[in-house]
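Chains, contacts and geometry: an overview
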Amino acid sequence: MDEFEAQFDATIAADQRVEPRDWMPEAYRRTLIRQIAQHAHSEIIGMQPEGNWILRAPSLRRKSILLAKVQDEAGHGMYLYAAAETLGVDREELTEKLIDGKQKYSSIFNYPTLSYADIGVIGWLVDGAAICNQVPLCRCSYGPYARAMIRICKEESFHQRQGYELLLAMVNGTDRQREMVQESVNRFWWPSLMMFGPPDDDSPNSAQSMEWGIKRHTNDELRQRFVDMSVPQAKALGVTFPDPELVWNEERQAHDYGEPDWDEFKAVIAGSGPANAQRVAHRRRAHENGAWVREAARAYAEKQDARKAVAA
Ligand SMILES: [Fe+2]
Ligand SMILES: [Fe+2]
């Protein structure tokens, strides 16, 4: 055992990848399963707030962009469930935990989408925050997760650009459209900052995840990066963020910003956000409605196996 552990430590120290065949500490495996599962669930649940607008897209072009984006998120969920399976859990089990409320997903998807401007703002801010979080995960110490993230990040940057492009079209439109964009930014700014998780001094598992090379930057570092990146983009769009404390700090060469409402964050994580019950109920219904597909696939596989056995 000591020999295996030394090998694992050496792999982490050399910044090499841990692969499914390698020995790994049980706590490392459990942490990864929890993180990858939460990430996969977020991709799948994240399809709902935007899927809500597919039938009401304002043009064929917007509809095909939105369809492609929502479909990408389904793909991200699939890569990630597959990465989690290399750690010895199965997708069925993870799905059960999600619909029983035993595993979490990103708090952002518990907010409703109230106008088409939300599609742009989600692409710009929510996918933008996801990119800040996810680019460092391309260098995560666990090989299958890191490789899944490389592909996901490429698609996320398309998501962010389509959102920004939609907002550019809207802010160059009518006064009413500009108001819609600002109203949407007002609702999504603070929940986007919360996507980076609690402040560093209230994030008990971060230090261990950094030591293991799962996490590369702290929550507050990533949040700062996101704020600094978003301010000039907001300026270009002609919108403001609903934070009177947001100001450039010459000394730090970074923006100061106000404190998100962490009580709201905790409440949403704990299940009492505006749309938690609806999201999970919808996912459960979709899972139950798909039972016949899983049964048919299983019956088909059994029939194929039986045929092979006869032929052999
Ligand atoms: Fe995604
Ligand atoms: Fe995305």
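Just above, that's the structure.
Reading the values: rules and limits
- Counting of residues starts from 1 at the beginning of each chain's written sequence and follows it residue by residue.
- Ligands are numbered from 1 and chains lettered from A, in the order in which they are written.
- Note on the predicted model: pLDDT of at least 70 is required for a residue's local features to be given, and 80 or more for side-chain atom pairs to be given and counted; whole-chain, interface and lining totals, by contrast, use all residues.
- To get the side-chain values, take all heavy atoms of the structure and skip hydrogens and water.
- Working definition: a disulfide is two cysteine sulfur atoms within 2.5 Å of each other.
- Donors, by definition, are the N, O and S atoms found within 2.8 Å of a metal, the threshold being 3.2 Å for Na, K and Ca, and water is not counted, so a site can look incomplete.
- Any site counts as irregular unless it has four donors with all angles between 85 and 135 degrees, making it tetrahedral, or four or six donors with opposite ones more than 155 degrees apart and the rest between 65 and 115, making it square planar or octahedral.
- In DSSP terms, a helix is any run of H or I states spanning at least four residues, a strand is any run of E spanning at least two, and both are numbered starting from the N terminus.
- Each residue is assigned to one of three classes by its accessible area relative to the maximum for its type, calculated with a 1.4 Å probe on protein chains only: buried under 20%, partly exposed between the two thresholds, exposed over 50%.
- Any pair of Phe, Tyr and Trp rings, taking the six-membered ring for Trp, is counted once the centres come within 6.5 Å. Such a pair is stacked with planes under 30 degrees apart, edge-to-face with planes over 60 apart, and tilted for the rest.

Considering all chains together, one arrives at zero disulfides under this definition. Of the cysteine sulfurs around cysteine 132, a residue in no disulfide, the closest is that of cysteine 153, at 10 Å. Counting only cysteine sulfurs, cysteine 153 is the nearest neighbor of cysteine 138, a cysteine outside any disulfide, at a range of 3.8 Å.

Here we take up the coordination of the iron ion (ligand 1). Around the iron ion (ligand 1), the protein contributes the donor atoms Glu43 (OE), Glu73 (OE), His76 (ND1) and Glu156 (OE), at 2.0 to 2.2 Å from the metal centre. One way to put it: the four donor atoms around the iron ion (ligand 1) meet at angles of 86 to 145 degrees, and that makes the site irregular. Considered as a linear motif, the donors of the iron ion (ligand 1) on their single chain read E-x29-E-x2-H-x79-E. Separating the iron ion (ligand 1) from the iron ion (ligand 2) is a gap of 3.4 Å, bridged by glutamate 73, which donates to each. Within this pair, whereas glutamate 43 is found in helix α2 (residues 26–45), its partner glutamate 156 is found in helix α7 (residues 143–171), the two being separated by 113 residues in sequence. As far as burial versus exposure is concerned, glutamate 43 and glutamate 156 are alike and both buried.

Another point: the environment of histidine 282. For histidine 282, the location among the structural elements is in helix α12 (residues 276–289). Given a relative accessible area of 38%, histidine 282 falls into the partly exposed group.

Turning next to the packing of aromatic side chains. Note on aromatic pairs: each is described by the distance of the centres and the angle between the planes. The tally for this structure, following the rule as stated, stands at 10 aromatic pairs. Judged by centre distance (5.9 Å) and plane angle (25 degrees), the ring pair of tryptophan 124 and phenylalanine 241 falls under stacked. In this pair, tryptophan 124 sits in helix α6 (residues 117–134) while phenylalanine 241 sits in the loop between α10 (219–237) and β1 (247–249), placing the two residues 117 residues apart along the sequence. Judged by centre distance (5.8 Å) and plane angle (20 degrees), the rings of tryptophan 189 and phenylalanine 226 are stacked.

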